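Summary of the model geometry
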Amino acid sequence: MRTLFFLLFAFSFSVINAQIGHPGQCGFLPDEDFTPRLLANKEAARLNNHDRNDSIFYVPIQLHLVGNDEGGGRMTEKRALQGICKLNQDYAPLNMVFYLKEEFNYINSEAMFNLQFPNVPTSVTSLYAQNKVSNAINIFVGNGLSSGNSGYYTGGQDIIYMDKSFMTPNAGILAHEMGHFFSLHHTFFGWESTTYDPNQPTPQTVMWGNWSNDVEYVDRDKNCETSADYLCGTPADYITVGAANCNYTGGAVDPDSVLIDPDERNHMAYYSFSGCPEYHFSDDQMEVILEDYDARWQLSNLDCPELKDVTETANLISPSNQELIETYDNVDFEWEPVPNADFYLIEISPLASFGLIWDQAVLKNTTFTSNELSANRDNYYWRIWAFSQTDFCEIIYSESGHFATGGQLSTVQEIDFLEEILVAPNPALEGKIMLQFNSQKTDHINLSIINTQGQTIQSINNQLITKGNNIIELNLAGIQSGIYYLRLESDRQISTQRIVIL
Ligand SMILES: [Zn+2]
């Protein structure tokens with residue numbers, strides 16, 4: 001892994017515009033408000049003096065799992081949660097506990113999945129805004145950045161984007177980006193686009209983008225309050241990457257020719273990307289983080305999560321163990337609710353070892369329907385992991401169930417409670433069509449427009465219909481002219497209307 005980082009880094013300086021900062025690693029670019037926020041937090045810390053040992057600081061997280069346009073390639077919920085568990089380990093010295101504010105959010109967008117960086121397209125920034133949840137830290141996990149960075153925090157959007165391959169229990173990158181979220185600079189702030197040159201006298205200032213930054217001296221009595229990361233708890237650091245075994249021996253000296261001795265294990269240094277055994281924040285970094293937390297959420301206004309430990313596993317109900325199901329589509333799964341559980345992960349596999357997952361989902365309720373199973377398979381296995389907003393680091397599965405599929409398709413009936421279905425005008429004009437019908441009951445249906453190849457072009461899920469006459473207007477804007485089917489679905493019932501779009 002270290003070799004990879006090194007290669008990415010070497011590449012970045014030869015090819016990519018220096019404005020980008022430090023590709024291969026973190027893509028953070030501070031905006032104008034960033035340093036003033038840090039300084040305000042630092043001043044508040046000086047006045048307040050947090051007692052970290054007395055309180056637990058709960059931090060709500062919203063995870064946005066990004067796939068390509070078809071929803072492919074997305075990081076699994078299980079892996080993403082492991083990344084949050086690692087974050088919790090990294091922030092344990094601050095008594096900070098990250099928890100899930102709401103259920104996972106799923107975004108299908110090629111532009112966000114493989115993100116153009118640093119010139120993020122406006123289509124993506126507006127997607128950030130649309131999907132962001134207030135009063136939580138929004139983490140978007142995609143496939144990665146065109147620049148090769150592992151992730152970034154942006155003050156403008158106030159979100160973190162992570163390359164999914166770096167959001168693992170083995171990487172501390174999320175802890176680093178979270179440090180930026182809480183107003184911390186890199187320990188080497190200023191040197192992002194300047195390479196230390198041992199053959200030149202060490203300059204007194206370095207430029208990064210529009211910023212001119214004072215170079216930090218080793219002597220703590222000189223300028224540590226006003227240079228680099230503005231914190232004296234972190235020693236002078238000139239982004240001297242390449243510390244073998246987490247020990248920098250590169251020999252860089254400060255402007256007084258004093259040898260620098262950086263903190264290789266600091267989360268906000270770049271040694272944090274090179275596999276040191278463990279990392280930490282300095283005391284003053286921790287105080288800044290906690291002040292930023294206060295400033296953002298003001299403890300009194302933040303709902304504390306209910307601490308719910310999940311100690312039991314789910315009892316599987318259906319399919320029953322060893323059951324032979326006659327069909328293979330629309331296979332229904334059901335299990336008993338587990339005390340304290342907020343979420344259930346279901347995994348279905350053709351292997352008893354679950355070495356290959358055929359279908360999986362995270363659900364709030366205790367039923368699931370799979371359409372991913374093959375016909376006439378003797379061996380399928382399924383299991384459930386129940387977890388809560390605050391208890392998701394230890395994965396304890398239920399016992400696994402075993403079943404087999406048959407070769408039949410599940411029978412689908414015509415929806416029997418809808419009458420006098422009328423679609424007008426048909427052919428549809430001006431991008432609109434009206435659906436009118438009489439319903440014998442109040443219910444929810446799904447509506448989809450399917451092309452002649454059977455692909456869903458547009459859908460509305462959970463449309464409420466009321467007893468009596470219903471009129472639903474469908475917007476067809478953007479759909480190419482041609483023949484389509486309008487499908488109405490309710491549980492196991494279906495109705496299809498042929499429509500023509502001009
Ligand atoms: Zn960074």
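Whatever comes next refers back to the structure up there.
Rules and cut-offs
- Residues numbered from 1 in each chain as written.
- Predicted model: local features only at pLDDT ≥ 70, side-chain atom pairs only at ≥ 80, totals over all residues.
- Heavy atoms only, no water.
- Helix = DSSP H or I, 4+ residues; strand = E, 2+ residues; numbered from the N terminus.
- Buried < 20%, exposed > 50% of the residue type's maximum accessible area, 1.4 Å probe, protein only.
- Areas by Shrake-Rupley, 256 points an atom, 1.4 Å probe, with all protein chains shown as cover.
- Pairing = 2+ DSSP bridges.
- Phe/Tyr/Trp six-rings, centres within 6.5 Å; stacked < 30°, edge-to-face > 60°.
- Axes fitted to C-alpha atoms, helices over the stretch in contact; angles between N-to-C directions.
- Parallel < 35°, antiparallel > 145°, perpendicular 65-115°, else oblique.
- Left-handed = near helix turned anticlockwise from the far one by under 90°.
- Contact = heavy atoms within 4.5 Å.
- Nonpolar A, V, L, I, M, F, W, Y, C, P; charged D, E, K, R; others polar.
- Patch = residues over 30% accessible without salt bridge, like charges linked within 9 Å, V, L, I, M, F, W, Y side chains within 5 Å.
- Salt bridge = Lys/Arg side-chain N within 4 Å of Asp/Glu carboxyl O.
- 1 Å grid on protein atoms, 1.4 Å probe; cavity = no way out; pocket = protein on both sides within 12 Å on 5 of 7 lines; lining within 4 Å.
- Points joined across faces, edges and corners; volume = space filled by probe spheres on them.

So, on to the overall build of the protein chain. Across its full length, the protein chain holds seven helices and 26 strands. Considering only C-alpha atoms, the protein chain reaches an extent of 85 × 55 × 45 Å along its principal axes. The buried share of the protein chain, reckoned over its 502 residues, is 49%. Only carbon and sulfur atoms are counted for the fraction: they give 46% of the accessible area of the protein chain, which is about 23500 Å².

Let us look at the pairing of strand β14 (residues 343–349). Within β14, seven of the seven residues are buried, leaving the element largely enclosed by the surrounding structure. Side chains of β14 alternate between two faces, with Phe 343, Leu 345, Glu 347 and Ser 349 and Tyr 344, Ile 346 and Ile 348 buried alike. Where β14 lies against strand β17 (residues 380–387), seven bridges are found, and the strand directions are antiparallel. The residue of β17 that forms the bridge with Ile 346 is Ile 384. Bridge count between β14 and strand β15 (residues 359–363): five bridges; the pairing is antiparallel. When the bridges of β15 are listed, Glu 347 appears paired with Gln 360.

On to the packing of aromatic side chains, then. Evaluation of the coordinates by the stated rule reveals 26 aromatic pairs. Between the aromatic rings of Phe 117 and Tyr 152, the centroid separation amounts to 4.5 Å while the plane-to-plane angle is 50°, which identifies the pairing as tilted. Highlighted residues: Phe 117 in the loop between β4 (114–115) and α5 (122–131) and Tyr 152 in strand β7 (residues 151–154), separated in sequence by 35 residues. Of the two residues examined, Phe 117 and Tyr 152, each falls in the buried class. Put simply, the rings of Phe 333, Trp 335, Tyr 344, Phe 368, Tyr 380, Trp 382 and Phe 403 pair up and form one aromatic cluster.

Before going further, it helps to spend a moment on the packing of helix α3 (residues 77–90) against helix α6 (residues 173–181). To characterise two packed helices, one gives the angle between the axes of the helices and the distance between these axes. Contact pair α3 / α6: the axes reach a minimum separation of 8 Å and the direction vectors enclose 65°. The pairing of α3 with α6 is recorded here as roughly perpendicular in orientation. Two packed elements cross with a definite hand, and for α3 against α6 that hand is right-handed. Contacts from Gly 83, Ile 84, Leu 87 and Asp 90 of α3 reach α6 at Leu 174, Ala 175 and Met 178. Tallied by class, residues from the contact of α3 with α6 come to five nonpolar, one polar and one charged.

Take unusual backbone geometry next. Of the consecutive residues Phe 117 and Pro 118, the connecting peptide bond is found in the cis state with omega at 10°. Tracing the chain through its elements places Pro 118 in the loop between β4 and α5. Look at the link from Asn 426 to Pro 427: it is a cis peptide, with omega at 10°. As for its placement among the helices and strands, Pro 427 is situated in strand β20 (residues 418–429). Phi at Ala 228 is positive, roughly 45°, even though this residue is not glycine. Mapped onto the elements, Ala 228 comes out in the loop between β10 (211–214) and α7 (283–297).

The subject of this paragraph is a nonpolar patch on the surface. Judged by side-chain polarity, Leu 351, Leu 356 and Trp 358 come together as a nonpolar surface patch covering roughly 250 Å² of accessible area. Residue placement: Leu 356 occurs in the loop between β14 and β15.

One pass over the structure, following the stated rule, counts one cavity of 30 Å³ or more. Computed from the structure, the largest cavity encloses a volume of approximately 40 Å³. Around the largest cavity, the lining residues are Gly 83, Lys 86, Leu 87, Asp 90, Phe 166, Met 167, Thr 168, Ala 171, Gly 172, Leu 174 and Ala 175. Going through the elements one at a time, α3 and α6 are the ones with two or more residues in the lining of the largest cavity. Looking at the lining of the largest cavity element by element, the count peaks at four residues for α3. Tallied by class, residues from the lining of the largest cavity come to six nonpolar, three polar and two charged.

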